Amino acid sequence: LETRLSEGVSSARRQRTTVRAMLSRLALRSGRAAVVAASRVPPKCRLSASRCIVAAAARAPELAVSRRGLQARGFSGEVEREKMEFDIVIVGGGPAGLAAAIRAKQVAEKAGKELSVCVVEKGAEIGAHILSGNVFEPRALNELIPEWEQKGAPLDTPVVSDSFYWLPSGKHAVPIPGPLLHLAPDLRQSGNYIISLGSLCRWLGEQAEELGVEIYPGFAAAEPVIDEGTGAVLGVQLADVGIAKDGRKKDTYEPGMQLLGRQTILAEGCRGSLSEAIMERFGLREGVSPQHYGLGIKEVWEIPEEHHVPGTVVHTVGWPLDMMTYGGSFIYHMKPNLLHIGLVVGLDYSNPYLSPYQELQKFKQHPRVKALLEGGKCISYGARCLNEGGIQAIPKLTFPGGMIAGCGAGFLNVPKIKGSHTAMKTGMLAGEAAAEATLASGESVGAEIVKYESDVKSSWVWEELSRVRNFKPAWHAGMIPGMAYGSASLMLTRGKEPWTFWWDKKDSEYTKPASQCKKIEYPKPDGVYTFEILENLIRSGVNHEHDQPAHLKVKEDKAGVPLEESLPTYDGPEGRFCPAKVYEYVQAEDGGMRLQINAQNCVHCKCCSIKTPQEYIKWTVPEGSGGPQYAAM
């Protein structure tokens with residue numbers, strides 16, 4: 001019965017998603033000028049920007065799509081496409097993108113000038129693809145919207161206690177004394193809040209709309225639009241819709257529009273596909289270390305009140321991970337009776353038999369954790385990669401026509417396990433730099449605003465990341481040396497050591513051949529505390545249009561890697577590290593093996609583009625609104 005109810009809920013979500021996408025598409029086709037009428041709708045009636053535009057367009061059908069007469073092209077070839085023109089185009093409706101939009105409008109408002117700002121988001125609604133721990137540090141929010149409390153920001157659970165444990169085994173837990181832990185400023189939780197980052201983003205979206213920002217959820221930015229003459233980025237091209245699996249155009253086919261801006265801010269989050277393409281095109285990663293990543297697996301539980309203490313924060317290291325694998329768990333008690341529980345595993349692990357998903361299920365069998373979950377119910381599940389390279393892996397932040405902000409560039413503070421505040425701050429700096437340059441006389445389309453990078457390097461973000469730069473690299477020597485050096489760096493030198501650790505290997509290059517590693521046998525799920533992946537996947541609300549080309553593609557120059565290297569050498573690790581069972585090796589018709597990609601399961605964690613041998617998977621965007629539908633992650 002519960003399975004059928006879950007399926008019913010998922011079906012209802014899919015229907016709502018389809019309606020939202022249709023409304024948003026109609027909004028874009030109705031033209032940006034319709035926003036003028038939409039802006040007259042009272043803020044309380046603005047359920048979303050797209051619905052306002054639809055309502056306005058219905059009252060003003062004579063308004064047409066604006067066009068820009070530029071010689072521009074996308075990466076995918078020549079197709080005549082409708083175009084919409086803005087001053088600033090922002091890709092990504094997360095904390096960085098929304099903070100950039102809000103700050104840009106604030107700058108324009110202070111100057112008494114008009115500035116058109118557009119945010120395009122591939123999720124069906126703002127927050128649908130947002131997943132984070134999340135203990136939130138409000139430093140950037142205080143700067144962006146000082147009156148956030150009066151405006152009703154969803155920061156309802158202040159941290160009241162935090163503790164840290166080393167788990168030597170699956171039965172014991174050794175507490176680290178609080179006074180010792182708090183010698184490190186980056187490990188203090190006082191003044192922070194346990195939140196749903198998705199809920200905060202929805203609230204930020206409302207604040208942005210009230211300032212006149214145009215938000216288009218349900219649309220995936222597929223590629224940059226490049227000026228043929230200068231090579232500068234002019235904006236982004238949305239993904240085509242209505243293409244069948246076999247490549248034919250269905251009756252619903254529509255070529256993706258081009259959203260053109262004088263400046264384009266990429267705020268896609270960790271391992272954003274557009275950001276990766278831009279970094280490669282403009283050589284933005286030259287002179288820095290390869291980015292390192294972790295994979296976070298998270299569940300949200302409703303637990304009995306007698307087990308719940310709102311504001312409690314718990315972190316652990318050690319078991320179930322081995323001594324050479326970087327990672328740890330988090331347990332956060334959020335009002336009214338929600339428990340956010342998860343595990344982060346560094347993707348530079350060596351054993352191809354390790355499954356981050358199964359490690360979380362194993363972690364929940366620890367007596368102290370199991371007692372906490374007793375009588376509770378898992379209501380949500382998801383996964384997402386996060387940056388762990390720190391300041392050594394941050395690329396050049398600007399390029400002709402735009403800039404990269406937030407986790408797309410890698411601003412996460414690893415020992416603090418926080419990146420939302422730095423994402424917001426860098427988004428604010430990007431929005432401010434783009435707005436000032438756009439409003440100033442003489443700035444042309446496609447200019448490179450180098451001031452943004454200098455602003456970041458003179459901000460508290462750079463200072464914070466510089467202080468913790470050597471923490472994560474020290475773990476390559478193992479947990480004990482890593483903890484020893486990391487503790488000394490955080491508590492004593494506080495980042496003032498006169499050296500910096502660098503590296504030249506990608507996460508995929510740390511994987512050892514299966515013949516050199518021990519197989520890991522995981523216990524079977526009990527259906528109460530632990531679950532099969534596909535059972536948990538239902539709780540993510542994941543959904544993609546079935547009849548569309550797979551958005552997960554084997555790179556043409558790596559076509560032989562799955563069967564010639566991944567399977568024979570590493571025993572197919574993609575079948576274990578993927579938290580949505582997208583990849584599996586099955587028997588082919590000729591009796592051999594073939595790689596099967598179940599792209600409809602994808603929760604957009606991006607792990608496959610990082611950890612597959614030779615990074616043979618190219619992650620591209622599916623049709624807009626596809627993917628997970630996180631309610632409160």
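Our structure's up above, just so we're on the same page.
Now for a quick tour of the structure. Quick caveat: nothing in here was measured; it's all calculated off a predicted structure.

1. Here's the deal with the pattern of salt bridges
Scanning the entire structure with this criterion turns up 21 salt bridges. For K416, the salt bridge identified is with E464, shortest N-O distance 3.4 Å. Of this pair, K416 sits in the loop between β21 (402–404) and α11 (420–439) while E464 sits in helix α13 (residues 460–467); the two residues are 48 residues apart in sequence, bridging distant segments of the chain. Both residues of the pair, K416 and E464, count as buried. Residue E453 is joined to K457 by a salt bridge in which the shortest nitrogen-to-oxygen separation is 3.1 Å. Placement of both E453 and K457 in helix α12 (residues 451–457) is noted, with a separation of four residues, approximately one turn of the helix. What makes K457 partly exposed here is its relative accessible area of 42%.

2. Overview of the sheet that holds strand β8 (residues 193–194)
With antiparallel pairing, the three strands of this open sheet are ordered in space as β4-β8-β5. Looking at which strands have only one partner, the edges of the open sheet turn out to be β4 (135–136) and β5 (157–158). Note that β4 and β8 share two bridges and pair antiparallel. Of the residues in β8, the one forming a bridge with V135 is I194.

3. Here's the deal with unusual backbone geometry
Cis geometry marks the peptide bond from G133 to N134, where omega comes out at 0°. Checked against the element boundaries, N134 lands in the loop between β3 (117–121) and β4. Here the amide bond leading from W319 into P320 is cis, since omega sits at 10°, within 30 degrees of zero. Tracing the sequence through the fold places P320 in the loop between β16 (312–318) and β17 (327–334). Notably, R271 is not glycine yet its phi reads approximately 55°, a positive angle. Among the secondary structure elements, R271 is positioned in the loop between β14 (258–266) and α8 (273–282).

4. Quick notes on the packing of α11 against α13
When two helices pack together, their arrangement is given by the angle between the helix axes and by the axis-to-axis distance. Relative to each other, α11 and α13 sit at 145°, their axes nearing to 10 Å. The residues of α13 that touch α11, namely those facing H421, T422, K425 and T426, are W460, V461 and E464.

5. Here's the deal with the side chain of N470
Among the structural elements, N470 can be located in the loop between α13 and α14 (479–493). Only 2.8 Å separates the side chain of N470 from the backbone nitrogen of F501, close enough to count as a polar contact.

6. Some thoughts on the state of the cysteines
What is meant by a disulfide is a covalent connection between two cysteines, made through their sulfur atoms. Considering all chains together, one arrives at zero disulfides under this definition. Take C270: it sits in no disulfide, and the sulfur closest to it among the cysteines is that of C385, at 5.6 Å.

7. Here's the deal with helix α16 (residues 561–570)
The α-helix winds at 3.6 residues per turn, so residues separated by three or four positions along the chain end up facing the same way. When α16 is considered as a whole, its buried residues turn out to be V561, P562, S566 and Y570. An end-on view of α16 places all buried positions within 80° of arc, on one side of the element. Turned more than 90 degrees away from the buried face of α16, the exposed residues are E564 and P568. The elements touched by buried residues of α16 are β22 (552–554), α17 (574–577), β23 (583–587) and β24 (593–597).

8. Here we look at the environment of A433
Along the chain, A433 falls in helix α11. By relative accessible area, which is 2% here, A433 ends up buried. Linking A433 and R103, residues 330 residues apart in sequence, is a C-alpha distance of 9.5 Å.

9. Structural notes on the pairing of strand β6 (residues 161–167)
The side chains of a regular strand alternate, first on one face of the sheet and then on the other. The sheet contact formed by β6 and β16 spans seven bridges and is parallel. Residue L167 lies in a different strand from β16, and its bridge partner there is G318. Here β6 runs beside strand β7 (residues 174–176); their pairing, made up of three bridges, is antiparallel. Looking at β7, one finds that F164 is bridged to I176.

10. So, the environment of I404
Relative to the elements of secondary structure, I404 occurs in strand β21. Each C-alpha atom, one on I404 and one on Y452, is 9.6 Å from the other, the two residues being 48 residues apart in sequence.

11. Description of the sheet that holds β6
Strand-to-strand pairing in sheets goes through backbone hydrogen bonds, with the strands running parallel or antiparallel. Sheet architecture is open: seven strands sit in the order β7-β6-β16-β17-β18-β15-β19, paired in mixed fashion. Strands with a single pairing partner mark the edges of an open sheet, and in this sheet they are β7 and β19 (377–387). Neighbour to neighbour, the strand axes of the sheet diverge by 20° on average, direction disregarded. With respect to the sheet, helix α9 (residues 356–363) is in contact with β6, β15 (293–302), β16, β17, β18 (338–346) and β19, its orientation differing from that of β15 by roughly 40°.

Calculation notes
Residues numbered from 1 in each chain as written. Predicted model: local features only at pLDDT ≥ 70, side-chain atom pairs only at ≥ 80, totals over all residues. Heavy atoms only, no water. Salt bridge = Lys/Arg side-chain N within 4 Å of Asp/Glu carboxyl O. Helix = DSSP H or I, 4+ residues; strand = E, 2+ residues; numbered from the N terminus. Buried < 20%, exposed > 50% of the residue type's maximum accessible area, 1.4 Å probe, protein only. Pairing = 2+ DSSP bridges. Axes fitted to C-alpha atoms, helices over the stretch in contact; angles between N-to-C directions. Contact = heavy atoms within 4.5 Å. Polar contact = N/O pair within 3.5 Å; in protein donor to acceptor, adjacent residues only side chain to side chain. Disulfide = S-S within 2.5 Å. Arc of directions from axis to C-beta.

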